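# Summary of structural features
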Amino acid sequence: MLDVQLGELLGGVPPGSDEALGLVTAFDDALAYGFARVGEESAAALAAVAGALAASPIGDRVSEAVEKVSAGSVGDEHLAALAGGRAALFGAVHDALLTRLDTALGRTRAAWQPPQGRTEVAANMLAGCRIWLRELAIVGWRGVDHDLVSSADQTIEALLTVPELRGLAVLLDGLAAELRASSPVATMEILPARRWADLWTRALLLSQRGPWNDGAEQVSGRLLILGTDVHEHATVVRVQVHAVFEPVGGGPSRLVRASVAAAKVDTIVGPTLWRLLGGHPVLLSALAGHRSVEITDMPLLPGGDLLWHDDRARAGEEADPFAVARVQLAAATAPPVNPLDRHPVRVAEPVLLEGYQVNGRTVELGGNTLRLDLDRLPSCGPLTSGLVGDSSACIGLLRWDAGQWLLQPIAVQATVKKKPVVVHNGDWAMGPTDPKAVKAEAKAGDVVAVLRERAGRLLRK
């Protein structure tokens, strides 16, 4: 990415963004205290949201919902409208940021096409989700206790049995786990109000109609991997691969993502995490060996996410991610954004940055300063903040957080002891290669195998 492009990107926030985010903050404060008895300040915050959306297609529904909730009538349809209004405000900011990014990079982005058809799921399960989410909204985060959190357990267990609803189940399980760990919330000095409201909003919208991953097309071709982003939670780990897809038979190349995930416990950390994903050997070997992947009839969602099936993939030839980024990244068409994913914190666009200087936690290029997001470096890979500091080229994800653009490195070219090195997040996908990491893992033992053996014994009893 040229320094002039970086300058264009960093040239201030889009007009109206701060005002929209201010409305969201006021909404989140109202949600924290609950909608059972809406006070003057909360009522004013909700009314301001309705006013901002008055000219939008959902303006009338949001306005009606604000009136009902402020009067003490909290129905499912009213909460859905409020969640939709909150999501619309974030969506407007997201679109403005992404437009600025695409303009600065000269990146072409496909237009969103609503998928045809709809997967039918058990309506009673979705209703169970909405009941719990309604209770949370009524009492607010300050009113959450262990009993309220536990009331979601049966619903979550039922959702986990339905593949199409497993994403919603994991979302609710994560929210419940955080609330359980914080209960009674009334004693907390500082609330993660924005985060919990984000989770509540997404869960409520997902529970309106079931899965949003309809409309997948079957694609075949070659994946040229750019890098890997690892998302780790106490109970789940997800590896998200960013790649350039070359369709079979020709046609424009496209930017895509492929994700695999596994449940975990909080004691499984570091390189051991990769063992949880052993059911995807083709993908893991491609990450570790820097190889392309040939895929056949792999489902691709409208938002650019591949539904990974390891049996529909085979490892191809070696493909240097930095060579792919230099030659293919600029011309690849970016995917459209799923409406539910239109949120500033979900912006994560792959870019190539070269010829810069690292100054602590910032990158300096052509008089421009871009902050590094080093907190996202995963514990399961060899990429460290020290290597980033010694680097001169980086494949990273451009993100937006706390009012500024951030660069999250996922691969670097660096000089260590006067020798060039190339390090990627996924280099240890088939096991660590660093002698110290190998020794540490051996000393800790195979935690995954032990836990699986114990789980098997419990199931046999």
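Above: the structure in question.
About the cut-offs
- The written sequence of each chain sets the order in which its residues are numbered from 1.
- For a predicted model such as this one, the threshold for reporting local features is a pLDDT of at least 70, and the threshold for listing and counting side-chain atom pairs is 80 or more; totals across whole chains, interfaces and linings nevertheless cover every residue.
- Neither water nor hydrogens contribute to the side-chain values; these are computed over all heavy atoms in the structure.
- Numbering of helices and strands runs from the N terminus; a helix is a DSSP stretch of H or I covering at least four residues, while a strand is a stretch of E covering at least two.
- Contacts: residue pairs with any heavy atoms within 4.5 Å of one another.
- All accessible areas in this document rest on Shrake-Rupley with a 1.4 Å probe, and a residue is counted as covered only by the protein chains that are shown.
- Any two rings among Phe, Tyr and Trp, with Trp reduced to its six-membered ring, count as a pair given centres within 6.5 Å; such a pair is stacked if its planes are under 30 degrees apart, edge-to-face if over 60, and tilted if neither.
- Each residue is assigned to one of three classes by its accessible area relative to the maximum for its type, calculated with a 1.4 Å probe on protein chains only: buried under 20%, partly exposed between the two thresholds, exposed over 50%.
- The span you would expect from a helix comes to 1.5 Å times its residue count less one.
- Only residues whose relative accessible area exceeds 30% and that form no salt bridge enter a patch; like-charged residues are grouped when within 9 Å of one another, and nonpolar side chains (Val, Leu, Ile, Met, Phe, Trp, Tyr) when within 5 Å.
- Throughout this description, the term salt bridge denotes a Lys or Arg side-chain nitrogen within 4 Å of a carboxyl oxygen of Asp or Glu.
- Lys and Arg are tallied as positive, Asp and Glu as negative. Neither His nor the chain termini are counted.
- A charge is said to be at NZ when it belongs to Lys, at CZ for Arg, at CG for Asp and at CD for Glu.
- Counting rule for disulfides: a pair of cysteine sulfur atoms within 2.5 Å.
- Take the buried Ala, Val, Leu, Ile, Met, Phe, Trp, Tyr and Cys residues and link them wherever side-chain atoms come within 4.5 Å; each set so joined is a nonpolar core.

Secondary structure assignment for the protein yields 15 helices and 13 strands. Projected onto its principal axes, the C-alpha coordinates of the protein cover approximately 70 × 65 × 45 Å. Pairs at least 24 apart in sequence give 70% of the contacts found in the protein among residues at least 6 apart. Entry remark: accessible area of the protein is about 21400 Å², with carbon and sulfur atoms responsible for 54%.

On to the packing of aromatic side chains, then. Overall, the coordinates contain three aromatic pairs when judged by the stated rule. Where Trp400 meets Trp405, the ring centres are 5.3 Å apart and the plane angle is 75°; that geometry is what we call edge-to-face. With respect to class, Trp400 is no different from Trp405; both count as buried.

Let us now look at helix H5 (residues 76–105). Every α-helix carries 3.6 residues per turn, so stepping three or four residues along brings you back to the same face. Spanning 30 residues, H5 covers 42 Å between terminal C-alpha atoms, matching the ideal 44 Å at 1.5 Å per step. Positive backbone phi, approximately 70°, marks Gly106, located one or two places after H5.

The next subject is a negative patch on the surface. On the surface, a cluster of negative charge is made up of Asp60, Glu64, Glu67 and Glu77. For the negative patch, the leading source of residues is helix H4 (residues 59–70), giving three residues. Within the secondary structure, Glu77 sits in helix H5.

Right, let's talk about the state of the cysteines for a bit. For the structure shown, the criterion picks out zero disulfides. Here Cys394 is not disulfide-linked; the sulfur of Cys380 is the nearest cysteine sulfur, at 17 Å.

Scanning all chains against the criterion turns up 21 salt bridges. Note that Asp305 and Arg257 form a salt bridge whose closest N and O atoms lie 3.0 Å from each other. Here Asp305 is found in strand S5 (residues 305–307), whereas its partner Arg257 is found in strand S3 (residues 254–263), with 48 residues between them in sequence. Across the pair Arg326 and Glu354 runs a salt bridge, and its minimum N-O distance is 2.8 Å. One end of the pair, Arg326, is in helix H12 (residues 321–328); the other, Glu354, is in strand S7 (residues 349–354), and 28 residues separate them in sequence. Judged by its relative accessible area of 33%, Glu354 falls in the partly exposed class. One network of salt bridges, with partners in common, ties together Asp28, Arg86, Arg194 and Asp198.

This paragraph deals with the environment of Lys418. Among the secondary structure elements, Lys418 is positioned in the loop between strand S12 (404–416) and strand S13 (419–424). On the basis of relative accessibility, which here comes to 82%, the residue Lys418 falls in the exposed class. Residues Lys418 and Val358, spaced 60 residues apart in sequence, show a C-alpha to C-alpha distance of 17 Å.

Formed by 57 residues in total, the largest nonpolar core has its most connected members in Phe35, Trp132, Leu136, Trp141, Leu172, Leu179 and Trp200. The greatest single-element share of this core, amounting to eight residues, is contributed by helix H10 (residues 193–206). Contacts of Trp200, omitting those with residues within four sequence positions, involve Phe27, Leu31, Leu79, Ala83, Leu133, Leu136, Ala137, Trp141 and Leu175. Listed in part, the 34 residues of the second largest apolar core include Ala262, Trp274, Val282 and Leu300.

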